[in-house]
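One-letter residues, chain by chain:
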Amino acid sequence: MDRQIKAELTNMCMVYEGSRVLVQKRRPEHGWPGVTFPGGHVEPGESITQSVIREVWEETGLTVAEPRLCGVKQWIEDDGSRYIVFLYKCNQFSGELSASEEGEVFWAERASLPGMNLSSGMEETFRVFFEDDISELSYYREDPDNDWQIVLE
């Protein structure tokens, strides 16, 4: 039995300072609009951590140090491939905050996040970042015509 499957590897990083978190308001033309944390794809030859550092810098202008893996978000696409998002936290950074073509970036109070125009799936993703007893968010559906089911573990 072949155990290899096609996978798309991505990352997301919650940069924080006290009760403030760095958020990105993604532009609609880049797909997946709304408020989220910075992140993106893992490039060939990069480690997951290297990709987090690069993506945060590209999207925010900040250089993060010692990002820590805090969880995973994943689902199976209709073609059978797996989409995996490695979730990181980081409170060590330097540089000047600047927007990118992906969207504006700004500091927000963590408590204000639920009232924002969030990107799809961010409410449950926040639970992985903020609740120490949850480390995985999975989406599944019985068939492509059904709604996604959410599993937090």
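Look up a bit, the structure's there.
Worth saying up front: this structure is predicted, and the values here are computed from it rather than measured.

### Brief notes about the overall build of the protein
Part 1 of the reasoning: On a plain count of helices and strands, the protein comes out with two helices and 11 strands.
Part 2 of the reasoning: Mapped from its N terminus to its C terminus, the protein presents α and β elements in the order β-β-β-β-α-β-β-β-β-β-α-β-β.
Part 3 of the reasoning: Relative to the compact-globule value of 15 Å for 153 residues, the protein shows a C-alpha radius of gyration of 15 Å, a close match.
Part 4 of the reasoning: Expressed as lengths along the three principal axes of its C-alpha atoms, the size of the protein is roughly 50 × 35 × 35 Å.
Part 5 of the reasoning: Counting the 153 residues in the protein, one finds 41% classified as buried.
Part 6 of the reasoning: Charge centroids of the protein, computed over 14 positive and 29 negative side chains, lie 3 Å from each other.

### Quick look at helix 1 (residues 48–60)
An α-helix turns once every 3.6 residues. As a result, residues three or four positions apart point the same way.
Part 1 of the reasoning: With 13 residues, helix 1 extends 18 Å from end C-alpha to end C-alpha; this agrees with the ideal 18 Å at 1.5 Å per step.
Part 2 of the reasoning: Summarising the contacts, the buried residues of helix 1 are in contact with strand 1 (7–17), strand 2 (20–26), strand 4 (39–41), strand 5 (62–64), strand 7 (82–90) and strand 9 (103–109).
Part 3 of the reasoning: Note on helix 1: the residue one or two positions beyond its end, Gly-61, has a positive phi of about 85°.

### Observations regarding the environment of Met-12
Part 1 of the reasoning: Residue placement: Met-12 occurs in strand 1.
Part 2 of the reasoning: Met-12 gets classed as buried once you look at its relative accessible area, which sits at 5%.
Part 3 of the reasoning: Apart from residues lying up to four places away in sequence, Met-12 is in contact with Trp-32, Thr-36, Phe-37, Pro-38, Gly-39, Val-85, Phe-86, Leu-87, Tyr-88, Met-122, Thr-125 and Phe-129.

### Some thoughts on the side chain of Gln-24
Part 1 of the reasoning: Assignment of secondary structure puts Gln-24 in strand 2.
Part 2 of the reasoning: The class of Gln-24 is buried, set by a relative accessible area of 1%.
Part 3 of the reasoning: Engagement of the side chain of Gln-24 in a polar contact is seen with the side chain of Glu-59, the distance being 3.3 Å.
Part 4 of the reasoning: Among residues more than four places away in sequence, those in contact with Gln-24 are Gly-34, Val-35, Thr-36, Phe-37, Pro-38, Glu-59, Ser-100, Glu-102, Gly-103, Glu-104 and Val-105.

### Remarks on the packing of aromatic side chains
Part 1 of the reasoning: Evaluated as defined, the whole model comprises seven aromatic pairs.
Part 2 of the reasoning: For the ring pair Trp-75 and Tyr-139, a centre distance of 5.8 Å and an interplane angle of 80° mean the geometry is edge-to-face. Taken together, the residues Trp-75 in strand 6 (residues 68–76) and Tyr-139 in strand 10 (residues 136–140) connect sequence positions 64 residues apart. Just as Trp-75 is buried, Tyr-139 falls in that class too.
Part 3 of the reasoning: For the ring pair Phe-126 and Phe-130, a centre distance of 5.8 Å and an interplane angle of 40° mean the geometry is tilted.

### Some points on the side chain of Thr-125
Part 1 of the reasoning: With respect to the helices, strands and loops of the structure, Thr-125 is situated in helix 2 (residues 122–130).
Part 2 of the reasoning: On the accessibility criterion, Thr-125 (0% relative accessible area) is buried.

### Some words on the environment of Glu-131
Part 1 of the reasoning: For Glu-131, the location among the structural elements is in the loop between helix 2 and strand 10.
Part 2 of the reasoning: By relative accessible area, which is 28% here, Glu-131 ends up partly exposed.
Part 3 of the reasoning: Glu-131 sits 61 residues away from Cys-70 along the chain, and the two C-alpha atoms are 9.8 Å apart.

Thresholds applied
- Residues numbered from 1 in each chain as written.
- Predicted model: local features only at pLDDT ≥ 70, side-chain atom pairs only at ≥ 80, totals over all residues.
- Heavy atoms only, no water.
- Helix = DSSP H or I, 4+ residues; strand = E, 2+ residues; numbered from the N terminus.
- Rg over C-alpha atoms; globule rule 2.2 N^0.38 Å.
- Buried < 20%, exposed > 50% of the residue type's maximum accessible area, 1.4 Å probe, protein only.
- Lys, Arg positive; Asp, Glu negative; His and termini not counted.
- Charge placed at Lys NZ, Arg CZ, Asp CG, Glu CD.
- Expected span 1.5 Å × (residues − 1).
- Contact = heavy atoms within 4.5 Å.
- Polar contact = N/O pair within 3.5 Å; in protein donor to acceptor, adjacent residues only side chain to side chain.
- Phe/Tyr/Trp six-rings, centres within 6.5 Å; stacked < 30°, edge-to-face > 60°.

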